[in-house]
Amino acid sequence: MPVLYRKSRLLRRSRVLWGSFSVWRPRLIFWFGALAIGVISVGFARLADLAQHAFAGVTASGQWSFLLPLIITPLGFMLSAYLAATFFPNAQGSGIPQAIAARHLRDPDDRARLLSLRLVVGKIVLTVLGLASGASIGREGPTVQVGASIMLAVARFGGMAQARGLILAGSAAGIAAAFNTPLAGVVFAIEEMSRTYESRANGLVLTAVILSGLAALGLAGSYSYFGSAAVAPASVRDWELVLVCGIGGGALGAVFSGLALHLGQHVRRWAHPQPLRRMVMLATVCGLAVAVIGILSDGTTFGTGYDQAKAAVEGNPLPLLFFLEKLLAGFLSMISGIPGGIFAPSLAVGAGFGSTVGSLLGSSIALAAILGMAGYFSGVVQAPMTAFVIILEMTGDHQAVIPIMAVSMIGYITSRILSREPLYHGLSRVFIAAAIRARRARETVEN
């Protein structure tokens, strides 16, 4: 009896331990996924920086090297569009619309076509290729798709049923790690990704942001994206910036997003008979136009525009027409269909617009650049809370909290008046509709 009793106790103890492991297994996989987002985001950022520096070095290495973009940029756009269409479908564009669409889709196979580990590789490689070709794109939007894809894989490997919440968490972790802005990651998840507060997902979002942020902090250290600014309105002219940057930035943002949605529909209809051939052709033409703009602007419109935005935030005025040149280069890069985001280029456009306004009004360039970023970014994405928090975290300008908040709200209201549909949600409907058509086609074949 004692032997049987001891065996039964050991059996019960092993069952308890196994049961506890089954409980902890999904948590451990979730934590590992959040840490992986932070590590991959830092690696992605470094690859993107290397790609930009390589392009700048090649195009400034000789007397006639400034003309090399006329060859490199169209070829890079063409190759990126071809690879995206043939090997990495649904990697095109920012990646945020794909993450939003995946949250609305119920079928796991439909979600997997928009968010997968294969797309993680494709998104990173093709975004880096675009930056190495001089495209006016950013890596922050693609990091959202990367983070959401990793978390969807976590749901599958860990046997977790909260796919929608995990996609939200991965998206927030991606933004937080990409900009080193944890608060903006949380606000972005609530305001832009879900458009509502989801109490059941808030724990996942916070945990993912914390862990990915810790991983990024350990690898890249503590830093502010644009350094540290300490400027505030000191005169009537400085306060005039709030209205001008809010209304002007919001209107510019509405023009960008409205044209992107409207022209995008025409592009899809035009490309429908021969999608691969025509989209590659369009990307090549857009690449050539981006190269011409870059040469005319002395190279300032190539890449993310980070250096130009940072210079403006530090108080150095940018060329008066830089914001229009950068807006056009960013718009062409987006319409071309190559993988790449609009976050960083939008910040550069906003900083350029603010710099121009500040120069014309004779007010602080640094303050004008910060307010211009808030107004334009809020106008493009129509997410004023995200715009306010992300600009505040990136610049550390706590002395201008109220002006930044006011400009973000004015930019949002102006944009909503001119363009009723938010950009990312409008683009997400394209992916939702495509997924529904593909599923119906499969069901028809099966029946």
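These notes cover the structure that comes with them. Only a predicted model underlies this, so the values are computations on that prediction, with no experimental measurement involved. (Residues numbered from 1 in each chain as written. Predicted model: local features only at pLDDT ≥ 70, side-chain atom pairs only at ≥ 80, totals over all residues. Heavy atoms only, no water.)

**Topic: empty space enclosed by the protein**
Where we set the bar: Here a cavity denotes grid points, spaced 1 Å and computed from the protein atoms alone, that fit a 1.4 Å probe unable to get out, and a pocket denotes an open set having protein on both sides within 12 Å along at least 5 of 7 lines; residues with an atom within 4 Å of a point are the lining. Grid points are joined across faces, edges and corners, and a volume is the space filled by probe spheres set on the points. By definition, any uninterrupted DSSP run of H or I lasting at least four residues is a helix, any uninterrupted run of E lasting at least two residues is a strand, and each is numbered from the N terminus. Three classes are used: nonpolar for Ala, Val, Leu, Ile, Met, Phe, Trp, Tyr, Cys and Pro, charged for Asp, Glu, Lys and Arg, and polar for all others, with Gly counted as polar.
This structure, assessed with the given rule, holds 1 cavity of 30 Å³ or more. When its volume is computed, the largest cavity comes out at roughly 50 Å³. Every residue lining the largest cavity is listed: Ser136, Phe256, Lys326, Leu327, Gly330, Ile342, Pro345, Ser346, Val349 and Tyr376. Listed by contribution, the elements that provide at least two residues to the lining of the largest cavity are helix 13 (322–335) and helix 14 (343–361). Taken together, the residues of the lining of the largest cavity break down into 6 nonpolar, 3 polar and 1 charged.

**Re the environment of alanine 220**
Put simply, the test is: Buried, partly exposed and exposed residues are distinguished by accessible area as a fraction of the type maximum, computed with a 1.4 Å probe on protein chains only: under 20%, between the cut-offs, and over 50%, respectively. Contact criterion: two residues are considered in contact whenever any of their non-hydrogen atoms come within 4.5 Å of each other.
With respect to the helices and strands, the residue alanine 220 is situated in helix 9 (residues 202–220). On the basis of relative accessible area, alanine 220 is assigned to the partly exposed category, the value being 40%. With 139 residues separating them in the primary sequence, alanine 220 and alanine 81 have C-alpha atoms 31 Å apart. Once residues lying within four places of it in the same chain are set aside, the contact partners of alanine 220 are Val42 and Arg46.

**What about helix 8 (residues 182–193)?**
As a reminder of what qualifies: Any helix carries an expected span of 1.5 Å times its number of residues minus one.
Between its terminal C-alpha atoms helix 8 stretches 15 Å, which fits the 16 Å expected from 12 residues at 1.5 Å a residue. For helix 8, a buried count of 9 out of 12 residues is recorded, marking the element as mostly surrounded by other parts of the structure. By the burial criterion, the buried members of helix 8 are Ala184, Gly185, Val186, Val187, Phe188, Ala189, Glu191, Glu192 and Met193.

**Description of the packing of helix 3 (residues 96–104) against helix 7 (residues 163–179)**
Basically, it comes down to this: Interaxial angle, 0 to 180 degrees, is taken between N-to-C directions of lines fitted to C-alpha atoms, where a helix line uses only the stretch in contact. Here the angle decides the label: under 35 degrees means roughly parallel, over 145 means roughly antiparallel, 65 to 115 means roughly perpendicular, and every other value means oblique. Put simply, a crossing is left-handed when the front helix is turned counterclockwise from the back one by less than a right angle, and right-handed when it is turned clockwise.
One way to put it is that helix 3 packs onto helix 7 with a least axis distance of 9 Å and a crossing angle of 165 degrees. As far as their axial angle goes, helix 7 and helix 3 are roughly antiparallel. Considering only the axes of helix 3 and helix 7, their crossing is left-handed. Across the interface between the two elements, Ala99, Ala102 and Arg103 of helix 3 pack against Arg164, Ile167, Leu168 and Ser171 of helix 7. Taken together, the residues that form the contact of helix 3 with helix 7 break down as 4 nonpolar, 1 polar and 2 charged.

**Focus on the environment of glycine 249**
With respect to the helices and strands, the residue glycine 249 is situated in helix 10 (residues 236–271). When residues no more than four places from it in sequence are discounted, the contact partners of glycine 249 are Val244, Phe353, Gly375 and Tyr376.

**Remarks on the packing of aromatic side chains**
To be explicit about the condition: To pair, rings of Phe, Tyr and Trp, with the six-membered ring standing in for Trp, must have centres within 6.5 Å; the planes then decide the type, stacked if under 30 degrees apart, edge-to-face if over 60, and tilted in the middle. Put simply, a charge is over a ring when the Lys NZ or the Arg CZ is close to the ring centre, within 6 Å, and near the line of the ring normal, within 35 degrees.
On inspection of all chains with the given rule, the structure shows 11 aromatic pairs. A centroid spacing of 5.1 Å and a plane angle of 80 degrees characterise the contact between tyrosine 225 and tyrosine 306, whose relative ring orientation is edge-to-face. Placement of tyrosine 225 in the loop between helix 9 and helix 10 and of tyrosine 306 in helix 12 (residues 306–313) is noted, with a sequence separation of 81 residues between them. Consider the rings of phenylalanine 226 and tyrosine 306, whose centres lie 5.5 Å apart with planes at 15 degrees: the pair is stacked. Linking phenylalanine 226 in the loop between helix 9 and helix 10 with tyrosine 306 in helix 12, this pair joins segments that are 80 residues apart in sequence. Classification of tyrosine 306 by relative accessible area gives partly exposed; the value is 25%. For arginine 156, the ring lying beneath its charged end belongs to phenylalanine 157, and the centroid distance is 5.1 Å.

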